[in-house]
Amino acid sequence: MGPLLITVLLLTMAGFVASVRIVRQFERGLIFRLGRLRDTTRGPGLTLIVPLLDRLQKVNLQIVTMPVPAQDGITRDNVTVTVDAVVYFRVTDPVRAVVNVQDYMFAVLQVAQTSLRSIIGKSDLDELLTNRERLNQGLEVMIDSPAIDWGVHIDRVEIKDVSLPESMKRSMSRQAEAERERRARIITADGELQASHKLADAAATMAQTPTALQLRLLETVVEVAAEKNSTLVLPFPVELLRFLDKPESARVPAPASETEHATELSESTPRASLRGREMGNPSFDAAPIART
């Protein structure tokens, strides 16, 4: 009885060890008995199964980070780009994740690749570079739609990088440089316009108060002299030009005798010129010199 009892005990212990399974906190266990799924899902802790009849399959419920390989595509504005992304998802229903799809991770990867290529073809280059948040939301919706039937929930999709051809990069650099040059010229012109308005206001103020122009002239002299220059340049006052610029009505009229003498000379000029032509001397065609 002794060896038989020991044998039975050993077989019992071996069967117990073979029937014990450990399910971790972030896992759920599915038991298939003779190929048929049991209704209950085993939670974390120790789980007993029937050896040789049951098979335990564990499903990870953690968030999975899956990189999507770079996809080549042509945008809507006919630009060749290479885009890669990353998908964050987790299993919400272990039964559907195991029964409804053969390999849910591979299925999610393929859907992510095809959705990424579809997004590239529907978007412009500017959208890929500047409006990634909207594209990420569109990718999330496209991938999550079929993944719901697989018991998988897509938490987030991110576009990692957008690679452009070298020729396109050079063209964009030239475009950006031209845009910055345009803005610089506009700012410079705007500054000159504002400065001209200020100068016009200052000129109007100085025109009303001539003393202000003299004070400004003295300030300019002080500024030039502060530089310790050997040559001092003094601007010519504009007021001195007013004495040279007199209207026609302000000029002094000539005496009456000189006016009559000039009239007689002007009347005799055609006669002298006519005699000169009759005598064959063309020099008399010129106007006579007035004598005093």
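Attention here is on the structure that accompanies the text. In this text, all values refer to a predicted model and were calculated from it rather than measured experimentally.

A look at the sheet that holds strand β3 (residues 36-42)
Okay, so step 1: The strand order across the open sheet built from three strands is β3-β2-β5, with neighbouring strands paired in antiparallel fashion. Every interior strand has two partners, whereas the edge strands, β3 and β5 (54-60), have only one. Taking the axes of each pair of neighbouring strands and ignoring which way they run, one obtains an average angle of 30 degrees across the sheet.
Okay, so step 2: Pairing of strand β2 (residues 27-33) with β5 involves seven bridges; the strand directions are antiparallel.

Things to note about the nonpolar core
Okay, so step 1: In terms of nonpolar packing, the biggest core is built from 38 residues, with V81, V87, F89, V152 and I154 touching the most fellow members.
Okay, so step 2: Those elements giving two or more residues to this core turn out to be β2, β6 (64-74), β7 (80-91), α2 (94-99), α3 (104-122), α4 (125-130), α5 (132-147) and β8 (152-163).
Okay, so step 3: The residues contacting F89, other than those within four sequence positions of it, are Q62, I63, V64, M66, Y104, M105, V108, V152, H153, I154 and D155.

With respect to a nonpolar patch on the surface
Okay, so step 1: Together, L34, V50, L52 and L53 give the surface a local cluster of nonpolar side chains, amounting to about 450 Å² of exposed area.
Okay, so step 2: Its place among the elements puts L52 in the loop between β4 (45-48) and β5.

What to know about α3
Okay, so step 1: Relative to the 27 Å expected for 19 residues at 1.5 Å per residue, α3 spans 27 Å between its end C-alpha atoms, a close match to the ideal helical length.
Okay, so step 2: Elements that come into contact with the buried residues of α3 comprise β5, β6, β7, α2, α5 and β8.

Comments concerning the pairing of β6
Okay, so step 1: Inspection of the sheet shows β6 paired to β7 by nine bridges, in the antiparallel sense. From the neighbouring strand, Q71 faces β7, where its bridge partner is V83.
Okay, so step 2: Counting the residues that bridge the hairpin from β6 to β7 gives five residues, and of these N78 lies at a positive phi of roughly 60 degrees.

Overview of the side chain of N136
Okay, so step 1: Of note, N136 is situated in helix α5.
Okay, so step 2: Judged by relative accessible area, N136 falls into the buried class, the value being 6%.
Okay, so step 3: When sequence neighbours within four positions are dropped, the list of residues in contact with N136 reads V157, E158 and I159.

Describing the pattern of salt bridges
Okay, so step 1: Considering all chains together, one arrives at 13 salt bridges under this definition.
Okay, so step 2: Here D155 ties to R90 by a salt bridge, and the two come within 3.6 Å at their closest N and O atoms. With D155 in strand β8 and R90 in strand β7, the pair connects residues that are 65 residues apart, well separated along the chain.
Okay, so step 3: Judged by relative accessible area, D155 falls into the partly exposed class, the value being 26%.
Okay, so step 4: Take R90: its relative accessible area is 32%, and that puts it in the partly exposed class.
Okay, so step 5: Among the ionic contacts, a cluster of salt bridges with common partners joins R76, D124, E127 and R134.

Quick notes on the rules
Residues numbered from 1 in each chain as written. Predicted model: local features only at pLDDT ≥ 70, side-chain atom pairs only at ≥ 80, totals over all residues. Heavy atoms only, no water. Pairing = 2+ DSSP bridges. Helix = DSSP H or I, 4+ residues; strand = E, 2+ residues; numbered from the N terminus. Axes fitted to C-alpha atoms, helices over the stretch in contact; angles between N-to-C directions. Core = buried A, V, L, I, M, F, W, Y, C linked by side-chain atoms within 4.5 Å. Buried < 20%, exposed > 50% of the residue type's maximum accessible area, 1.4 Å probe, protein only. Contact = heavy atoms within 4.5 Å. Patch = residues over 30% accessible without salt bridge, like charges linked within 9 Å, V, L, I, M, F, W, Y side chains within 5 Å. Areas by Shrake-Rupley, 256 points an atom, 1.4 Å probe, with all protein chains shown as cover. Salt bridge = Lys/Arg side-chain N within 4 Å of Asp/Glu carboxyl O. Expected span 1.5 Å × (residues − 1).

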